[in-house]
Amino acid sequence: MKFWPVLKWMCFIALAIAISASVGGLWLWQNSDRLIRRQALSTFDKAAPDLQLQIDGIQVISTSSLRLTGIEIRDREANRPILRAKEAIATVDETQLLENQNVIVRSIKVFGVEILLKRAEDGRWNWQNYEFHRISENPLIPPSVILENVRAQIQLEHGAGIPPANLIVTSPLFQAVPRSAEAYDFSGSLTLPGAGSLA
């Protein structure tokens, strides 16, 4: 038996596998933003069917972090934005992303956030009208969230011919750290222009 032809054949197969894996990896890296966008939008639609997520750009920074730009969450029925953010950096589970193409966010830092909070005359807030679903039965720990440069517009409707009150509240830094699978601890300060700090 001749060993050189067998070794050449094995080397050729190993080289072909390496080239295929490289081409596949390059294709995945170049198309990862499209794949991640599709999964993010699909997951969001399942979790919040009354809301619509729009993302202008997604960039894979590394195998464990993503950069999102031009983020907007809209009320589907009213077709009105309720949240806008200029940019977000998300840290994701690297193993789930690479092995299963599953995006599990571990932490997210969001910059330049604008939120609309509206209280109807019956005392219900706009976010209480939205339906939210669990996307998994697994007890996943929710991500920690840091919001920088937050501007919240608060509309308070009174009824009986009284015009609604509009307030603008800002926060340079607001943090939400998961206490359990369903609860968060919050920290940060709020400022009401003309009145100063609220917390």
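To be clear, the structure that these remarks concern was listed above.
A quick note: this is a predicted structure, and the numbers were derived from the prediction, not measured.

K.L.:
So what's going on with the pairing of strand S1 (residues 51-62)? Residues and values would help.
P.N.:
With 10 bridges connecting them, S1 and strand S2 (residues 65-75) associate as antiparallel partners. Considered in S2, the bridge of Leu53 is made with Ile73.

K.L.:
Go over the pattern of salt bridges with me, naming the residues and quoting the values.
P.N.:
The tally for this structure, following the rule as stated, stands at seven salt bridges. Across the pair Arg84 and Glu72 runs a salt bridge, and its minimum N-O distance is 2.7 Å. Highlighted residues: Arg84 in strand S3 (residues 80-92) and Glu72 in strand S2, separated in sequence by 12 residues. With relative accessibility at 39%, the residue Arg84 sits in the partly exposed group. The shortest N-O distance in the salt bridge between Lys109 and Glu148 comes to 3.3 Å. Of this pair, Lys109 sits in strand S4 (residues 105-119) while Glu148 sits in strand S5 (residues 144-156); the two residues are 39 residues apart in sequence, bridging distant segments of the chain. The exposure class of Glu148 is partly exposed, given its relative accessible area of 22%.

K.L.:
Just give me the short version of unusual backbone geometry, but keep the residues and values in it.
P.N.:
Positioned with a positive phi, Asn79 is a non-glycine residue whose angle comes to about 50 degrees. Summarising the element assignment, Asn79 is placed in the loop between S2 and S3. If you check the backbone angles, Asn149 has positive phi at about 55 degrees while not being a glycine. Tracing the sequence through the fold places Asn149 in strand S5.

K.L.:
Which residues make up the side chain of Ser65, and what are the values?
P.N.:
By the secondary structure assignment, Ser65 is in strand S2. At 3.0 Å, the side chain of Ser65 and the side chain of Ser62 are in polar contact. The residues touching Ser65, leaving out its near neighbours within four places in the chain, are Gln59, Val60, Ala90, Thr91 and Val92.

K.L.:
Let's hear about the packing of aromatic side chains: which residues, and what values?
P.N.:
Evaluated as defined, the whole model comprises two aromatic pairs. Feature note: the residues Phe174, Tyr184 and Phe186 constitute an aromatic cluster, connected by ring pairs.

K.L.:
How would you explain the nonpolar core if you had to name every residue and give the values?
P.N.:
Residues Leu51 and Leu68 are the most contacted members of the largest nonpolar core, which totals 22 residues. Look past the residues within four positions of Leu51 in its chain and what remains in contact with it is Phe44, Asp45, Ile73, Arg74, Asp75, Arg76, Ile82, Tyr130 and Phe132.

K.L.:
Can you break down the environment of His133 residue by residue, with the values?
P.N.:
The residue His133 is located in the loop between S4 and S5 in this model. Judged by its relative accessible area of 36%, His133 falls in the partly exposed class. For the pair His133 and Asp45, spaced 88 residues apart in sequence, the C-alpha to C-alpha distance is 9.6 Å. Those residues in contact with His133 that lie beyond four places of it in its chain are Lys46, Ala47 and Pro49.

K.L.:
Can you break down the environment of Thr69 residue by residue, with the values?
P.N.:
Within the fold, Thr69 resides in strand S2. Along the backbone, Thr69 and Gly57 are 12 residues apart, and their C-alpha atoms lie at a distance of 5.0 Å. Aside from chain neighbours lying at most four places away, what touches Thr69 is Ile55, Asp56, Gly57, Lys86 and Glu87.

What counts and what doesn't
- Residues numbered from 1 in each chain as written.
- Predicted model: local features only at pLDDT ≥ 70, side-chain atom pairs only at ≥ 80, totals over all residues.
- Heavy atoms only, no water.
- Pairing = 2+ DSSP bridges.
- Helix = DSSP H or I, 4+ residues; strand = E, 2+ residues; numbered from the N terminus.
- Salt bridge = Lys/Arg side-chain N within 4 Å of Asp/Glu carboxyl O.
- Buried < 20%, exposed > 50% of the residue type's maximum accessible area, 1.4 Å probe, protein only.
- Polar contact = N/O pair within 3.5 Å; in protein donor to acceptor, adjacent residues only side chain to side chain.
- Contact = heavy atoms within 4.5 Å.
- Phe/Tyr/Trp six-rings, centres within 6.5 Å; stacked < 30°, edge-to-face > 60°.
- Core = buried A, V, L, I, M, F, W, Y, C linked by side-chain atoms within 4.5 Å.

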